Every structure is written in structure tokens, then in C-alpha cells.
Amino acid sequence: MSKGTRVNWMIVAIGAAIVLPLVAVLASGFNKDPHALPSMLEGRVAPPFALHTLEGAPVDLPSLAGTPVILNFWSTWCQPCRFEHPYLQESARAFPDVRFFGILYGDEAEKARRYLRQQGSAYPTLDDPGGRVAIEYGVAGVPETFFIDRHGKILHKFSGPLPPDVI
């Protein structure tokens, strides 16, 4: 064997030592949903808030104790939010013992009012000026939906548009 052949095998070995672990790390992600972000709040008491509906009525989470609550963070500019809106309306009507609330995320209240006048709504939307509540809930983007049990504990966070079988 010539000296050049040994150098080529050494380069191949070094390349394999670098590439194989990288491929293993990337392949480990194939079984995971890249859009699913874990919620550190699941299993914990939901952060309390006091907001106003788009019509100005006050709503605070602690006063809803004893009632299951579904919070849906949404925006008028969000296409997946538009996709799930009819389903959320239908679900709010189908489950009258559950309180549904939309929480406006990164949007203007007047745009939301116009959108809801056109599309209808079966539940109130809350204005979150400055996104304080969204930050407390760890919202990374819209739509995101939180399922809160009657004891105020977050059971589940769903990222993305809700499919019909989730609620």
C-alpha cells in the first residue's frame, strides 16, 4: 500500500467519526412532531388572569373555579386559526358546561371585532394588551389551546389548529 492510501483511510475514518453521530442525532428526531412544544404548565395550576372581553366585560380565571375552561390563543392574521374557528364554535355549543374563551394574540381588538362579526362566535374573546397572559402561558405562536379542569389545573396544551377529535 502506498502512503496516499493510508491517508485516504484516515480521512474516511475521521469523516465517519464526525458524520455518524450527527446522522444519529438527526434520525432520532424522525419520531417527534417538530411543531409540538412541551408545556411546562401541564399538570400545574393555570396562571390566573383578569382581562376584558372585546365588548369590555371583565373576566378573571379564578372566578371560573369549578368549571372546565378552554383557552384558545388566536389572531385574525393566522390562517390555521381561521381553519379551527368553526370547529371551536361548534364545540362551545356542544359542551355548554365548559367555558370557552378566545384570547387575542398579537392583534388589534378592532380587527378581531370585525372578524367575529363576519364569522360569528359562540364564546367571548378576551383582549390581552401587551401579550402578558400569552407570556405567562408560554405561548410560542397561534393557535394554541389550553384545557383547564374544574380545579384550575392545565390538563393539556395543544399547539396548532385543533382537529375535530381533540375536544
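Everything that follows concerns the structure shown earlier in this document.
Predicted model only: the values in this text are computed from it and were never measured. (Residues numbered from 1 in each chain as written. Predicted model: local features only at pLDDT ≥ 70, side-chain atom pairs only at ≥ 80, totals over all residues. Heavy atoms only, no water.)

(A) The arrangement of the packing of aromatic side chains in detail. Within this structure, the stated rule accounts for six aromatic pairs. Aromatic pair Phe49 and Tyr137: ring centres 6.4 Å apart, planes at 65 degrees, arrangement edge-to-face. Residue Phe49 is found in the loop between α1 (3-28) and β1 (50-53), and its partner Tyr137 is found in the loop between α4 (132-136) and β6 (144-148); the two are separated by 88 residues along the sequence. Given a relative accessible area of 3%, Phe49 falls into the buried group. Its relative accessible area of 2% is what places Tyr137 among the buried residues. With centroids separated by 5.1 Å and ring planes inclined at 75 degrees, the aromatic side chains of Tyr137 and Phe146 adopt a geometry described as edge-to-face. The exposure class of Phe146 is buried, given its relative accessible area of 0%. (Phe/Tyr/Trp six-rings, centres within 6.5 Å; stacked < 30°, edge-to-face > 60°. Helix = DSSP H or I, 4+ residues; strand = E, 2+ residues; numbered from the N terminus. Buried < 20%, exposed > 50% of the residue type's maximum accessible area, 1.4 Å probe, protein only.)

(B) Quick look at helix α2 (residues 79-94). Its 16 residues place the ends of α2 24 Å apart at the C-alpha level, agreeing with the 22 Å of an ideal helix rising 1.5 Å per residue. The largest bend in α2 amounts to roughly 35 degrees and is located at His85, with the proline Pro86 lying one to four residues further along. Along α2, the residues that are buried comprise Cys81, Glu84, His85, Tyr87, Leu88, Gln89, Ser91 and Ala92. In this structure, the buried side of α2 is in contact with β3 (69-74), β4 (99-104), α3 (109-119) and β6. (Expected span 1.5 Å × (residues − 1). Bend = angle between axes of the 7 residues up to and from the residue. Contact = heavy atoms within 4.5 Å.)

(C) Quick look at the pairing of strand β7 (residues 154-159). Relative to β7, β6 runs antiparallel, the two sharing five bridges. When the sheet's bridge partners are listed, Ile148 is paired in β7 with Ile154. Counted between consecutive antiparallel strands, the loop separating β6 from β7 contains five residues, among which Gly152 sits at a positive phi close to 85 degrees. (Pairing = 2+ DSSP bridges.)

(D) Region of interest: the state of the cysteines. Within this structure, the stated rule accounts for one disulfide. Note on cysteine connectivity: Cys78 is disulfide-linked to Cys81, with sulfurs 2.4 Å apart. Handedness of the Cys78-Cys81 disulfide follows from its S-S torsion of about 80 degrees: it is right-handed. Note on accessibility: Cys78 and Cys81 belong to one class, buried. (Disulfide = S-S within 2.5 Å.)

(E) Layout of the sheet that holds β1. Read from one edge of the open sheet, seven strands run β2-β1-β5-β4-β3-β6-β7, paired in mixed fashion. A single partner strand is all that each edge strand has here, and the edge strands are β2 (58-60) and β7. The average angle at which neighbouring strand axes cross in this sheet is 30 degrees, direction not considered. Here β3 pairs with β4 via six bridges, running parallel. Each bridged residue has a counterpart across the sheet, and for Ile70 the counterpart in β4 is Phe100. (Axes fitted to C-alpha atoms, helices over the stretch in contact; angles between N-to-C directions.)

None of this, on its own, says anything about what the molecule does.
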